[in-house]
Amino acid sequence: MQCESRLTLDTSAAEYVIDVANVVREPALGGERAADLARFEGLLDALAAFTRDPSVQVYAITDRSLLTDGRLTPQERERLREWYAAGLLEVLPRADDRILELADALAVRVVSADNFLDFHRAYPWIPGSRDRFLRPFLGEDGVIGVRPRIMPVPPEWQVSRKEEEGLLLEAGVLRRWAPTAHRAVLSREWRCPEPGCPLFGAGDRPGTALPRRRKDRVLCPTHGLDLVDAGPRPRRAQVKVVMDGTVRGRFMVTADVPLAVGRAPGEGGVALGAWVEDRAVESVSRTHVVLSYDGSVLWVLDERSANGTRVRRVRPAGDELVPLHHGVVWHLRTGDAVVLHDRLELLPSGRRFVFEEDGAEAASAPPAPAAAGPTMVDVRFDGFDD
Ligand SMILES: [Zn+2]
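What you are looking at is a predicted structure, and each value in this text was computed from that prediction instead of being measured.

J.: Break down the overall build of the protein chain for me, with residues and values.
T.: Of regular secondary structure, the protein chain possesses eight helices and 21 strands. In the protein chain, the share of contacts with a sequence separation of at least 24, taken over all contacts with a separation of at least 6, comes to 63%.

In structure tokens, the structure reads:
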């Protein structure tokens, strides 16, 4: 698959954030050259394999210096410039903590080998995090892979085990992240005063990237100029079409616009045959379910499908399948999937800010870091997650 199809600066669609320069300039990811764009492409392939999603959506950012890096070939530099011009790559004077700003605002996962030790105070959800970071590595077969990593806890946090556990609890669970701080910015459309700005341009391409926030200012990440508020942005939730456990397609549900999904739902609806050519689709009704989104919660309704709908709920003791009765509107929670057929499901994106009200539930869940007990005290910074 073309790597361009995996790049997005759409804040409602992105699921991972990657600092391209870091990857391209990492010799440990293979190849002879000091900088090699193939490392980034290899990482996208790895992410697609890891997520079982050939079109996994990545928010890619880079330092501006990469676009003129003489260690890349002219073709590679040209390709980066094309991505930037097409609004597929965010270019900043310095990427520094931008990757964390994105992770914080969008609740996307970070693919990086960096420990981000300098940013643990600013982003208290980092130390001890078990589900927000992936590490790229070079496999013995010479192919790049990714694996989940547990973030280290800085020594100054380890004053005493008791206090540390409290901090971990606070950092890892209670103060996971604060989408509310970013909600105001994400709920508006923004325009950059710089003519032809690929991130926040005018006309038919409204800005879907994440503006930078500096105190009370809202800035273009590339040009550093104050962005102009261009009105409310419709909120959208992403839903994936999953067949036999593999993501086959994705679509958006816009707030306050109910969306019919099925075999042939007609004008404006989502026809599953666009992604899935399989007999499973034949058992799906023309309009099987209607999804609606109110800006924070996604709902599903099966009015009269022939073969019915179930909701798969992820439970610690194992998945639970709940039949959805005709005419009942179901409030989908994080991890819930809409089962249209044994092999065919609709899975709302795991993006947390879509399900903001679930935060309280997550906070009351048993904290994962505490469960690790004393081992957390002996954390070393190198190789901790290997
Ligand atoms: Zn701009």
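J.: Describe in detail the environment of Leu272, supporting the description with residues and values.
T.: Tracing the chain through its elements places Leu272 in the loop between β14 (270-271) and β15 (289-293). Contact partners of Leu272, with chain neighbours within four places excluded, come to Val241, Val261, Gly262, Arg263, Val281 and Val284.

J.: Describe helix α3 (residues 74-85), naming the residues involved and giving the relevant values.
T.: If you check α3, its first and last C-alpha atoms are 16 Å apart, about what 12 residues at 1.5 Å a residue would give, namely 16 Å. All buried positions along α3 are accounted for by Glu76, Leu80 and Trp83. With its buried residues spanning 60° around the axis, α3 presents them on a single face. Residues of α3 that are exposed and point more than 90 degrees away from the buried face comprise Pro74, Gln75, Glu78, Glu82 and Ala85. Immediately beyond the C-terminal end of α3, within one or two residues, lies Gly87, with a positive phi of roughly 70°.

J.: Describe helix α2 (residues 37-51), naming the residues involved and giving the relevant values.
T.: Spanning 15 residues, α2 covers 22 Å between terminal C-alpha atoms, matching the ideal 21 Å at 1.5 Å per step. Within α2 the residues assigned to the buried category are Leu37, Arg39, Phe40, Gly42, Leu43, Leu44, Ala46 and Leu47. Positive phi shows up at Arg52, right after α2, with a value of about 55°.

J.: Please set out the nonpolar core residue by residue, giving values where relevant.
T.: Val17, Val20 and Val58 are the most contacted members of the largest nonpolar core, which has 59 residues in total. Shared between two domains, this core takes at least three residues from each, and those domains are domain 1 (3-171) and domain 2 (179-233). If sequence neighbours within four positions are ignored, Val58 has contacts with Arg6, Leu7, Ala14, Tyr16, Ile18, Leu44 and Leu47. Listed in part, the 26 residues of the second largest apolar core include Leu272, Val311, Leu324 and Leu332.

J.: Explain the sheet that holds strand β13 (residues 259-262) to me, and be specific about the residues and the numbers.
T.: In spatial order, the strands read β14-β13-β15-β16-β19; together these five strands make up an open sheet with mixed pairing. At either end of the open sheet lies a strand with only one pairing partner, and these are β14 and β19 (329-332). One ladder, built from three bridges, connects β13 with β15; its direction is antiparallel. Bridge assignment links Ala260 to a residue of β15, and that residue is Val290.

J.: If you had to explain the environment of Leu72 to someone new, which residues and values would you point to?
T.: By the secondary structure assignment, Leu72 is in the loop between β2 (58-63) and α3. Sequence separation of Leu72 and Arg33 is 39 residues, and the distance between their C-alpha atoms is 8.4 Å. With sequence-adjacent residues up to four places away left out, Leu72 is seen in contact with Ala35, Leu37 and Arg77.

J.: So what about the pairing of β13? Which residues, and what values?
T.: Looking at chain direction, β13 and β14 are connected through two bridges and run parallel. Following the sheet pairing, Gly262 is matched in β14 by Ala271.

J.: How would you summarise the sheet that holds strand β11 (residues 236-243) if you had to cite specific residues and measurements?
T.: Strand order in the open sheet formed by six strands is β12-β11-β21-β20-β17-β18, with antiparallel pairing between adjacent strands. Taken across any chain shown, the strands that pair with only one partner, and hence form the sheet edges, are β12 (246-254) and β18 (320-324). Here the strands of the sheet are splayed against their neighbours by 30° on average, with no regard to which way each runs. One ladder, built from three bridges, connects strand β20 (residues 337-341) with strand β21 (residues 344-348); its direction is antiparallel. Across the sheet, the residue bridging to His341 is Leu344, located in β21.

J.: Tell me about the pairing of β18, and please be specific about residues and values.
T.: Sheet topology places strand β17 (residues 309-313) next to β18; five bridges connect them, and they run antiparallel. Residue pairing across strands places Arg310 opposite Pro323, the latter belonging to β18.

J.: A description of the confidence of the model for the protein chain should follow, citing residues and the corresponding values.
T.: Per-residue confidence for the protein chain gives a mean pLDDT of 83; residues scoring 70 or more make up 82%. Note on residues 172-177: pLDDT is under 50 here. Beyond four places in sequence and across chains, it has 19 contacts. Every residue in residues 352-386 scores below 50 in pLDDT, and together they form 52 contacts with partners more than four places removed in sequence or on other chains.

J.: Give a description of unusual backbone geometry that names residues and reports values.
T.: Positioned with a positive phi, Phe116 is a non-glycine residue whose angle comes to about 50°. By the secondary structure assignment, Phe116 is in the loop between β4 (109-111) and β5 (133-138). Positive phi, normally seen in glycine, also occurs at Asp244, with a value near 50°. Residue placement: Asp244 occurs in the loop between β11 and β12. Classification of Asp244 as partly exposed rests on a count of 13 C-beta atoms within 10 Å.

Definitions and cut-offs
Residues numbered from 1 in each chain as written. Predicted model: local features only at pLDDT ≥ 70, side-chain atom pairs only at ≥ 80, totals over all residues. Helix = DSSP H or I, 4+ residues; strand = E, 2+ residues; numbered from the N terminus. Contact = placed C-beta atoms within 7 Å. Expected span 1.5 Å × (residues − 1). Buried ≥ 20, exposed ≤ 12 C-beta atoms within 10 Å, placed from the backbone. Arc of directions from axis to C-beta. Core = buried A, V, L, I, M, F, W, Y, C linked by C-beta atoms within 7 Å. Domains from an automatic or database assignment. Pairing = 2+ DSSP bridges. Axes fitted to C-alpha atoms, helices over the stretch in contact; angles between N-to-C directions. pLDDT = per-residue confidence, 0-100.

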